[in-house]
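Below, each chain spelled out in residue letters.
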2 protein chains.
Amino acid sequence: MNIVLLSGGSGKRLWPLSNDIRSKQFIKIFKTEDGTYESMVQRVYRQIKGVDPDATVTIATSKTQVSSIHNQLGENVGISVEPYRRDTFPAIALATAYLVDVMKVSPEESVVVCPVDPYVNDDYFSAVKDLSKEADKGEANLVLMGIEPTYPSEKYGYIIPVSADATSKVKEFKEKPTKEVAEEYIKEGALWNGGVFAYKLKYVLSKAHELIDFDDYYDLFSKYETLNKISFDYAVVEKENNIKVMRFNGEWKDLGTWNTLTEAMEENVIGKGVMNETCSDVHILNEMDVPILAMGLHDVVISASPDGILVSDKEQSSYIKPFVDKFDEHIMFAEKSWGSYKVMDVENESMTIKVTLNPGHKMNYHSHKNRNEVWVVLSGCGSTIVDGYTQNIKAGDVITMNAGCRHTVIAESELKLVEVQLGKEITADDKEKFDIEY
Amino acid sequence: MNIVLLSGGSGKRLWPLSNDIRSKQFIKIFKTEDGTYESMVQRVYRQIKGVDPDATVTIATSKTQVSSIHNQLGENVGISVEPYRRDTFPAIALATAYLVDVMKVSPEESVVVCPVDPYVNDDYFSAVKDLSKEADKGEANLVLMGIEPTYPSEKYGYIIPVSADATSKVKEFKEKPTKEVAEEYIKEGALWNGGVFAYKLKYVLSKAHELIDFDDYYDLFSKYETLNKISFDYAVVEKENNIKVMRFNGEWKDLGTWNTLTEAMEENVIGKGVMNETCSDVHILNEMDVPILAMGLHDVVISASPDGILVSDKEQSSYIKPFVDKFDEHIMFAEKSWGSYKVMDVENESMTIKVTLNPGHKMNYHSHKNRNEVWVVLSGCGSTIVDGYTQNIKAGDVITMNAGCRHTVIAESELKLVEVQLGKEITADDKEKFDIEY
């Protein structure tokens, strides 16, 4: 099975655990059998490999997520990087071309496209596999998953099938309705549209060539900036008559808000947190090193990260976005392909950061125009290269780098260091990358 | 007027803003006219000086509070340090001897003793002054303040006066009663005992000499460890027949819990905090650099500091102590006589701290047996002395100190630095102090 996971944009609906560079799919909130926690993307990837160990998984995403994906799924996962945001049709066309031209998958094969963030059980991915097999038959150009509704939701689009059979032709698509209209749809046998669909690669490639002038993946990638924004629904689905839908009646949750997310949590407390016996339906998600104490609260979610602290009635938590948008966008924590960093202190002319490098990883070799930096090694071992000069490092070593000086650090074991940045203008943009000189 | 403020022990009832080394009286929560915030001790000190600019104020406290007191009230305030905890009679005897032998106040003069943490208006200190004048007359050996009760409280002791006059002889003292009994007392004209009383210095000195064999303040201080624990009530008040009480009917609040403390706050938010329009009666006290967002909450107090985060129904907030007692006692923030420090990161074999020195202040000259340290100067200027060698420092400078090496830093302007401690056993006790060698 070929599968493209759409790893959507960053968002603040799960602030303070999600921010402009960390999307909700990377937050580790699901307890696994060995007691550690995994993120949505890790859970989905594990589930796919469980159902089909040979599945070719490609993640379609923006470049800001590449580090987090490699950090969480390793270096072997396929990634189709959208160099610019151009809506779903260009993104799906690019991922399709990536499968054919980079992964060398035959255009005759099928692929299933699905969002990376549904909270589902393994039966969902069995249904995804069935979708792929149905598309393989070539009887329909598109095969959609239709989720049997459990309540008249206003949040989803609806698919009206021709029949109540397990697989049926699609009669009609309906936009997100009001609750009353949703009730009518459900009486007619409508299904939720969960955004999951399968097609033969050659089908979307031909649609792409109809709309875009390009040779292959590499050409499409290079002209991506010039493409028009257009949704896959508008460009393909609404114009296609030969569409089938397959029913799915297992568990399916969309974890877009704190309210729905906490429903999927097995435990009430992740991280350091204590609540007294007068609390009910309280969830604590704490990424800080210090404890949270909750007393006498009901239906409340508390979440703390280096970015901030949310305390919200669960119902109200759907409305956090406009408030969070007003906060400073200073990113206090980030996962990178080489490890992670955490901002510990910000002053007018300095910033202090804790850097953790994973074993065998290194930073880019880079320099800054407007700031000096000092590294103090806390633990681990490895080496630094500063202006071409290599030096072994261990706990307690201090490396000072003036503005303009090229530098990197390479971790042998896990390496932790404090980085003090000093200068009048400290920005993330002030960074020039170089090839390493030895 | 001579006044002794009893600055009581540390406590966790206002965690995370109070901890084992920061007592509630040092938390800056009261907005002043110029928009800055002052603590209970600063507010009370300012109020006393407002009513009587020439007042001799002495703070009776333990040595753990000396740094905070100097930091908040300056170097000129008198402090009678109890070298050990020996209950109120030894503490008051020591402060009394301090006034006579150190401050050279005549034993014929009066002193008023009062707690440092009532939340009151200026009229309270006018009443305190009246108490002092009444004691000056020498008609009674003790003159107490009796606060007119506003409700039948179970939290206070009661004083039954002989008459309802502004000043009356005391008929009887009553322990903290039940609510029903309190109602009876109030019908009889009882007053709350707020722990405020005045006496001639010579009176308590003679009582002290009856119970303790000592020459003067210095002698009493030196043998303080050997004294028995005994309360002032038991040693003096209960045995004294000649006691008067003066009525006070102004505002008087005891801010011992989050519930009562937030009632005294003029604003709902101190520090970075936002609440949406569905919140009511919510208070946010945030000492962190990142924002708190509160939504859909009612009657809740949220407080965050480097020590932790409390989210509590206000009523429930009275019961935090047993929960907080279970948390690690690692102090993450402290005010010192020379400035303050904040723990930024703790690892197995390292600790990273941000140190802020006030202009003109310095650390003790000291060394550590089991840890190396690195200082990175963030801002300000001053000098370091390391093993007798003095060096000027400015932003970006790095100072490395091996275990055993003697060191201090002296701030010319406000000086901020990152201190990285490295070693297998990092403890606050691992510190040897020295006189500075030049």
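Within every chain, residues take consecutive numbers counted from 1 along the sequence as written. As a convention, the first chain written is A and the first ligand written is 1, with the rest following in written order. The model is predicted, so local features are restricted to residues of pLDDT at least 70 and side-chain atom pairs to those at 80 or more, both for listing and for counting; the totals for chains, interfaces and linings are taken over all residues. For the side-chain quantities, the full set of heavy atoms in the structure was used; hydrogens and water were omitted.

Caption draft 1: Looking closely at the overall build of chain A. Think of it this way: any DSSP run of H or I at least four residues long counts as a helix, any run of E at least two long counts as a strand, and we number them from the N terminus. Along chain A, the regular secondary structure elements total ten helices and 30 strands. In this description the radius of gyration comes from C-alpha coordinates, and the expected globular size is given by 2.2 Å times residues to the power 0.38. Here chain A has a C-alpha radius of gyration of 24 Å; the compact-globule value for 438 residues is 22 Å, and the two agree. With the principal axes as the frame, chain A shows a C-alpha extent of 70 × 65 × 40 Å. Under the scheme applied here, a residue whose accessible area is under 20% of the maximum for its type counts as buried, over 50% as exposed, and between as partly exposed, the area being computed with a 1.4 Å probe on protein chains only. Taking all 438 residues of chain A together, 55% fall into the buried category. We call two residues in contact whenever any of their non-hydrogen atoms come within 4.5 Å of each other. Considering only residue pairs separated by 6 or more positions, chain A has 65% of its internal contacts joining residues 24 or more positions apart. Using the Shrake-Rupley algorithm and a 1.4 Å probe, accessible areas are obtained, with residue cover drawn only from the displayed protein chains. For chain A, the exposed surface amounts to about 19,000 Å²; the carbon and sulfur share of it is 45%.

Caption draft 2: Geometry of the packing of aromatic side chains. Residue and element names in this part refer to chain A. Any pair of Phe, Tyr and Trp rings, taking the six-membered ring for Trp, is counted once the centres come within 6.5 Å. Such a pair is stacked with planes under 30 degrees apart, edge-to-face with planes over 60 apart, and tilted for the rest. Counted according to the given criterion, the structure contains 32 aromatic pairs over all chains. For the pair tyrosine 156 and tryptophan 252, a centre-to-centre distance of 5.1 Å together with 65° between the ring planes defines the contact as edge-to-face. Of this pair, tyrosine 156 sits in the loop between strand S8 (142–147) and strand S9 (158–161) while tryptophan 252 is found in strand S13 (residues 252–254), placing the two residues 96 residues apart along the sequence. Taking the relative accessible area as the measure of exposure, tyrosine 156 reaches 9% and is therefore buried.

Caption draft 3: How the structure looks around the relation of the copies chain A and chain B. For the match of chain A to chain B, the screw axis carries a shift of 0.2 Å, the RMSD comes to 0.2 Å, and the turn is 179°. Given the turn and translation reported, the copies of this chain are related as if by a two-fold rotation axis. For chain A, the minimum C-alpha distance to the rotation axis belongs to A:Met344 and amounts to 3.1 Å. Both copies share a contact surface, since 100% of the interface residues of chain A are interface residues in chain B too. For this overlay, a least-squares fit was computed on C-alpha atoms, restricted to residues scoring pLDDT of at least 70 in both copies.

Caption draft 4: Up close: the pairing of strand S10 (residues 167–174) of chain B. All names here are of chain B. Strand pairing is defined by DSSP finding a minimum of two bridges between the two strands. For strand S9 (residues 157–161) and S10, the ladder comprises four bridges, and the chain directions are antiparallel. What sits directly across from isoleucine 159, in S10, is phenylalanine 173. Inspection of the sheet shows S10 paired to strand S12 (residues 243–248) by three bridges, in the antiparallel sense. Bridge pairing links lysine 169 to lysine 244 in S12.

Caption draft 5: Spatial organisation of the nonpolar core. Grouping buried Ala, Val, Leu, Ile, Met, Phe, Trp, Tyr and Cys residues that are joined through side-chain atoms within 4.5 Å yields what is termed a nonpolar core. A:Leu297, A:Ile302, B:Leu297 and B:Ile302 are the most contacted members of the largest nonpolar core, which has 67 residues in total. With residues up to four places along the chain from it excluded, the contact list for B:Ile302 reads A:Val311, B:His283, B:Ile284, B:Leu285, B:Ile292, B:Ala294, B:Leu297, B:Leu310 and B:Val311. One finds A:Val77, A:Ile79, A:Val128 and A:Phe248 within the second-largest nonpolar core, a separate group that totals 44 residues.

Caption draft 6: Quick peek at the environment of B:Glu432. Residue and element names in this part refer to chain B. Along the chain, the position of glutamate 432 falls in strand S30 (residues 432–434). Its relative accessible area of 43% is what places glutamate 432 among the partly exposed residues. Among all residues touching glutamate 432, those that are not within four sequence positions of it are Tyr365, His366 and Ser367.

Caption draft 7: How the structure looks around the interface of chain A and chain B. Listed by partner, the interface residues are 50 residues for chain A and 50 residues for chain B. Throughout, buried area stands for the accessible area (probe radius 1.4 Å) lost by two parts on being put together, summed over both. Overall, the association of chain A and chain B removes approximately 4,000 Å² of surface from exposure, summing both partners, and the carbon and sulfur fraction of that is 72%. Among the residues chain A hides against chain B, the three largest losses belong to A:Leu293, A:Met295 and A:Ile309. Together they make up 17% of the total. Here, a salt bridge means any side-chain nitrogen of Lys or Arg that lies within 4 Å of a carboxyl oxygen of Asp or Glu. Taken together, the links from chain A to chain B amount to seven salt bridges. A salt bridge links B:Glu347 to A:Lys416, with the nearest nitrogen and oxygen atoms 3.0 Å apart. Under the rule applied, a polar contact is a pair of N or O atoms within 3.5 Å (in protein, one hydrogen donor and one hydrogen acceptor; residues adjacent in sequence only if both atoms are side-chain atoms). Counting across the chain A and chain B interface gives 20 residue pairs in polar contact (both at pLDDT 80 or more). Of the residues forming the side of chain A that touches chain B, the biggest block, six residues, is contributed by strand S19 (residues 308–313) of chain A. Tallied by class, the residues present in the side of chain A that touches chain B amount to 32 nonpolar, ten polar and eight charged. Inspection of the sheet shows S19(A) paired to strand S17 (residues 292–295) of chain B by four bridges, in the parallel sense. From the neighbouring strand, A:Ser312 faces S17(B), where its bridge partner is B:Met295. In this classification, the charged set is Asp, Glu, Lys and Arg, the nonpolar set is Ala, Val, Leu, Ile, Met, Phe, Trp, Tyr, Cys and Pro, and all remaining amino acids, among them Gly, are polar.

Caption draft 8: Looking closely at the sheet that holds strand S15 (residues 273–275) of chain B. The strand order across the open sheet built from six strands is S14(A)-S16(A)-S18(A)-S19(A)-S17(B)-S15(B), with neighbouring strands paired in mixed fashion. Each edge of the sheet is formed by a strand with only one pairing partner; in this case those strands are strand S14 (269–270) of chain A together with S15 of chain B. Pairing of strand S16 (residues 283–286) of chain A with strand S18 (residues 300–305) of chain A, which is carried by four bridges, proceeds in the parallel orientation. Looking at S18(A), one finds that A:Asn286 is bridged to A:Ala304.

Caption draft 9: Looking closely at the sheet that holds strand S15 (residues 273–275) of chain A. Pairing is mixed in the open sheet, where six strands are placed in the order S15(A)-S17(A)-S19(B)-S18(B)-S16(B)-S14(B). With partners counted over all chains shown, the strands left at the sheet margins are S15 of chain A together with strand S14 (269–270) of chain B, one partner each. Of the pairings in the sheet, the one linking strand S18 (residues 300–305) of chain B to strand S19 (residues 308–313) of chain B comprises six bridges and is antiparallel in character. Paired with B:Ala304 across the two strands is B:Ile309, which belongs to S19(B).

Caption draft 10: Quick peek at the pattern of salt bridges. According to the stated counting rule, one finds 43 salt bridges over all chains in the structure shown. A salt bridge links A:Asp289 to A:Lys342; its shortest N-O distance comes to 3.7 Å. Placement of A:Asp289 in the loop between S16 and strand S17 (292–295) and of A:Lys342 in strand S21 (residues 339–347) is noted, with a sequence separation of 53 residues between them. For B:Asp397, the salt bridge is made with B:Lys394, and the minimal N-O distance between the two is 3.3 Å. Connected via shared salt-bridge partners are A:Asp289, A:Lys342, A:Lys354, A:Lys416, B:Asp345 and B:Glu347.

Caption draft 11: Layout of the side chain of B:Ser312. Structurally, B:Ser312 is set in strand S19. Overall, the relative accessible area of 0% leaves B:Ser312 in the buried class. From its side chain, B:Ser312 meets the backbone nitrogen of B:Ser317 in a polar contact 3.4 Å long. Excluding anything up to four places from it in sequence, B:Ser312 contacts A:Met295, A:Leu297, B:Asp299, B:Val300, B:Val301 and B:Ser317.

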